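Residue-level structural notes
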Amino acid sequence: MKYLQKFVFTLLSLFLVGCGGSDDDGGGGTASITLNVSQITASVYQGDIYEVDVTVNYQGEGVLVGMPKGVNEVPIWLGADKQSITSNQAVFRVYLHGNVDTGVYNSALRFVTAYSNGSVAYKDVPIELTVKEPLFFTAVAGKQNVTLESMISVSDSGPVEGNSTYITYSAFSDWDWLDVEIVNNQYKAKIIKTDLSVGEHIGYIEFLDQNYRFRKVKIVYLITEPEFNIDTVNKLTINNETIASELNMTIPVTPTSEGVIWNVIDSSSMISVTQNLNNVDVSLEFALLSQSNGIYQQWIEFEYQYGDLLFPKTRKIEFDVEIDFTDIQQISPYVLYTSDEVTVRVWGNNLMSLTEEDFKAFTSTIQSVNYISDNEVELNIKANTTEQEINFVIENSLDYLRGEARAVVRHAPVFPVASINLPENPASKVIYDSERERFYFRSYSNWTNLLYEIFHDNEQWIVEQIVGESPKGLAIIDNGTQLLTSSISCSMTKIDLDTKVAMNAPSVEHCGHMDFGFIGQYYTGETIIADTNQSVSVYTYPNWELATVNYPNVYSPNVILSKNGTHLIWTDSTGISSPRNAYVYDVRNNKFNELNTNSSYAFYLDSFSISATGERVSFQNRIYNSEAIAIGSVGLNDDVWNRTFVSLDGSYAAHYDFSERQIEVYDIQSNEGVFFKVGSPLAVSEEAVYINEIQFSEDNRYMFVFASNLNDETYKMYVYER
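Residues numbered from 1 in each chain as written. Predicted model: local features only at pLDDT ≥ 70, side-chain atom pairs only at ≥ 80, totals over all residues. Heavy atoms only, no water.

**Some remarks on the confidence of the model for the protein chain**
Summarising the model, the protein chain shows a mean pLDDT of 83, and 86% of its residues fall at 70 or more. By mean pLDDT, the top-scoring element of the protein chain is strand 1 (residues 32–35) (96), and the lowest-scoring one is strand 10 (residues 151–153) (45). Confidence over residues 1–25 falls short of pLDDT 50; this stretch has 54 contacts with residues more than four positions distant or in other chains. (pLDDT = per-residue confidence, 0-100. Helix = DSSP H or I, 4+ residues; strand = E, 2+ residues; numbered from the N terminus. Contact = heavy atoms within 4.5 Å.)

Shown next as structure tokens:
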């Protein structure tokens, strides 16, 4: 096919030599020209080609077709070429291409003839092309026997509007999903397959005229996926007033197309689902109620298909469940002594919804209530004179026990003052069980970790090994009822502190080279475990999800948690490079404060200590507040072998002077300035060269000193009464 661009001319004196003769003398007659059309108007589908023959009767020596004077650019949608020519008639085929955007386009062609004597004649033919969207059908997958029709005229005007030069007498399609038939002198496009995939299918219907010329009409067939009528599922809120029937709901699921098969294949673990004909019944599992307050996204996944029409597809229904119970998570301290008056911190959720009378319902010994926030309350308690146990439980309409916390009232302990031989050197912080008046520690020797407990029978101290799988990290959790330990093989063990029965606990998969050297339970009840093998990772337990807190990057971290679970010391281990970094983490507001250690590199585990509430922190001989700000020093120097340990209530600090081999106690309640000594120094046995740790009893009456002499492998616990 030749296009019009090849016939463009701007000088009317150019001639296309035809079958007419020419006079050698340059003579001729008067040129004239007539056409069989006065204008060309066509309407085509996008992508189609419209063609029309223009018959030119002329008197002249030839005939040209081109653009009228003043039109300098040929439209891309217009083309023409010569079909035949005689001495007085020529036939040109004009092509109108629908390969442009939809819309209406206008131009013109000029047909010209002339004699060499200068006589010229021409006719301009206006052209208008309307480009329409291709025939476009939409079907929903799943409907049977789809017949989509487009009326395409096959009268004398031809199959496409505007063509009046021939009559179409047949049409066909080479596409296996598309057919064409004639009905009442009109052609219809017909979809003949019902197993097409979702998406766009493009085909053509071809028309053949009596001169065996083809014309194509583009057919676009779009198949969409089935839709479902699913009601909007509102967020479910579970609180103290929620009743059991409100844990169930029905969600309508109705396909918009007949014959669609759908089946529930999965759902979130907190719900159970029953599928019916046009809905699903959803029940919230009671296990959901044990989760912390918050919003939990639930989902139901179902699969749907229609015979061979679709490969199986899936869809999810999602909705939120908000848990908003009023509950109590933890009490600290949870061991009270008879006749003592003490301030107790209570942590939980929606605590401001509880009145002072609600709190006093737990125990009449509560003197006053101070509301700090919706999650934290101070109780002033004057304990009874008899030993007892106080349970803090908020009732709810589901009769589901949740957020139980307890406090126990005990007589103040009387410890045997003694020097106790230990079988091994403590390789961890020594953990004190206030309720049972026992210590727990781990040792490490000969590539083996062992777990020990130290207890007394009112007359003497007893040291026994607890059976466990090479424990590494250890912590008392769950309101003082369980000892959770991790092994070097990353398996976990829970030990019931009343029965000493050991039970396997959820362990991490694909442990690799992880070393879970730290376990702790925050005041919220959330248990965390830290991988302390060089590059640190922190996990929540027992789901083993990476903690969302952005912990600072430290090397093989030393981690110490305050007894009430509100503050965390987070430091590098000692190493060959310095300085190392140290931080105090306030769990309540998710804030890390850097501890200024004066560029020290001696970051041993026993270089640090923290009070039960996190209000006092020590490093070597310096004392810091809960925001990691240094507020003073104790002792005369910060020799690397000196040690300082703060009391549980943050009132006192015990400082071991390595050069003098003595322990001095300082009052550190002041927020600034000089700290003063209290009482006389305590002499340390010559056997105790190195002090690992010093602990105060909760009433500050006793001090427990854990010491070692590596030269003769002597390990001791000393009990002093102040």
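**Details of the sheet that holds strand 44 (residues 558–561)**
Reading across the sheet, the four strands line up as 44-45-46-47 and stay open at both edges, with antiparallel pairing between neighbours. Where the open sheet ends on each side, the last strands, each with one partner, are strand 44 and strand 47 (591–594). Across the sheet, the mean angle from the axis of one strand to that of its neighbour is 20 degrees, orientation sign disregarded. Looking at chain direction, strand 46 (residues 582–586) and strand 47 are connected through four bridges and run antiparallel. Within strand 47, the position partnered with Asp-586 by the bridge is Lys-591. (Pairing = 2+ DSSP bridges. Axes fitted to C-alpha atoms, helices over the stretch in contact; angles between N-to-C directions.)

**Looking at the sheet that holds strand 2 (residues 40–45)**
Within the open sheet, the four strands sit side by side as 2-8-7-4. Their pairing is mixed. What marks the edges here is a single partner per strand, and that holds for strand 2 and strand 4 (63–66). Taken pair by pair, the neighbouring strands of this sheet meet at an average axis angle of 20 degrees, ignoring direction. Where strand 4 and strand 7 (residues 103–114) come together, four bridges link them in antiparallel fashion. Looking at strand 7, one finds that Val-65 is bridged to Phe-111.

**Thoughts on the side chain of Ser-332**
Here Ser-332 shows up in strand 24 (residues 327–332). For Ser-332, the contacting residues outside a window of four places in its chain are Val-344, Arg-345, Trp-347 and Asn-564.

**Some details on the environment of Ile-454**
Among the structural elements, Ile-454 can be located in strand 34 (residues 448–456). Taking relative accessible area as the criterion, Ile-454 reaches 0% and is therefore assigned buried. In this structure the C-alpha to C-alpha distance between Ile-454 and Glu-437, which are 17 residues apart in sequence, comes to 8.9 Å. Once residues within four sequence positions are removed from consideration, Ile-454 is found in contact with Leu-422, Glu-437, Arg-438, Phe-439, Phe-441, Trp-461, Ile-462, Val-463, Phe-706 and Met-717. (Buried < 20%, exposed > 50% of the residue type's maximum accessible area, 1.4 Å probe, protein only.)

**What to know about unusual backbone geometry**
The residue after Ser-332, namely Pro-333, is reached through a cis peptide bond having omega -5 degrees. Examined against the element boundaries, Pro-333 turns out to sit in the loop between strand 24 and strand 25 (335–337). In this structure, Ser-339 is a non-glycine residue whose phi angle is positive, near 70 degrees. Among the structural elements, Ser-339 can be located in the loop between strand 25 and strand 26 (341–349).

**A closer look at the pairing of strand 36 (residues 471–477)**
Across the seven residues of strand 36, six count as buried, placing the element largely inside the fold. With six bridges joining them, strand 36 and strand 37 (residues 482–487) adopt antiparallel strand pairing. Each bridged residue has a counterpart across the sheet, and for Ile-477 the counterpart in strand 37 is Gln-482. From the end of strand 36 to the start of strand 37, which pair antiparallel, there are four residues, and Asp-478 there has a positive phi angle of about 55 degrees.

**Focus: the side chain of Glu-437**
As for its placement among the helices and strands, Glu-437 is situated in the loop between strand 32 (431–433) and strand 33 (438–445). No salt bridge is formed by the buried Glu-437. Its closest oppositely charged neighbour is Arg-410, at 6.9 Å. Of the polar contacts made by the side chain of Glu-437, one reaches the side chain of His-456; its length is 3.0 Å. When neighbours within four sequence positions are excluded, Glu-437 is seen to be in contact with His-411, Pro-413, Phe-415, Tyr-432, Ile-454, Phe-455 and His-456. (Lys, Arg positive; Asp, Glu negative; His and termini not counted. Salt bridge = Lys/Arg side-chain N within 4 Å of Asp/Glu carboxyl O. Polar contact = N/O pair within 3.5 Å; in protein donor to acceptor, adjacent residues only side chain to side chain.)

**Quick look at the nonpolar core**
Among the nonpolar cores identified, the biggest contains 33 residues, and Ile-40, Val-56, Val-94, Leu-96 and Phe-111 are the most heavily contacted of them. Contributions of two or more residues to this core are made by strand 1, strand 2, strand 3 (49–59), strand 4, strand 5 (78–85), strand 6 (89–97), strand 7 and strand 8 (120–132). Each residue touching Val-56, except ones within four places of it in the same chain, is listed here: Ile-33, Thr-34, Leu-35, Val-63, Asn-88, Gln-89, Ala-90, Phe-92 and Phe-111. The next biggest cluster of nonpolar side chains, apart from the first, holds 27 residues, and it includes Ile-238, Ile-251, Val-280 and Ile-317. (Core = buried A, V, L, I, M, F, W, Y, C linked by side-chain atoms within 4.5 Å.)

**Here we look at the pattern of salt bridges**
Tallied over the entire structure, the rule returns 21 salt bridges. A salt bridge links Arg-410 to Glu-435; the shortest N-O distance between them is 3.7 Å. In this pair, Arg-410 is assigned in strand 30 (residues 405–410) and Glu-435 in the loop between strand 32 and strand 33, connecting sequence segments 25 residues apart. By relative accessible area, Glu-435 is classed as buried at 12%. With a closest N to O distance of 3.1 Å, Arg-588 and Asp-586 form a salt bridge. Residues participating in the shared-partner salt-bridge network are Glu-389, Arg-406, Arg-410, Asp-433, Glu-435, Arg-436 and Asp-498.

**With respect to the pairing of strand 26**
Pairing between strand 24 and strand 26: five bridges, direction antiparallel. Residue pairing for strand 26: Ile-331 is matched across the bridge by Val-346. Pairing analysis gives seven bridges linking strand 26 to strand 28 (residues 376–382), with the strands arranged antiparallel. Residue Arg-345 lies in a different strand from strand 28, and its bridge partner there is Glu-378.

**Notes on the packing of aromatic side chains**
The final tally for this structure, using the stated rule, is 35 aromatic pairs. With a centroid separation of 5.1 Å and 45 degrees between ring planes, the pair formed by Phe-516 and Trp-544 is classed as tilted. Here the residue Phe-516 occupies a position in strand 40 (residues 516–521), and Trp-544 occupies one in the loop between strand 42 (537–541) and strand 43 (545–546), the gap between them amounting to 28 residues. Accessibility classification places Phe-516 together with Trp-544 in one group, the buried group. Cluster of aromatic residues (ring-pair linked, three or more members): Phe-415, Tyr-432, Phe-439, Trp-461, Tyr-702, Phe-704 and Phe-706. Seen from the ring of Phe-658, Arg-661 lies directly overhead, with NZ or CZ sitting 4.4 Å from the centre. (Phe/Tyr/Trp six-rings, centres within 6.5 Å; stacked < 30°, edge-to-face > 60°. Lys NZ or Arg CZ within 6 Å of the ring centre and 35° of its normal.)

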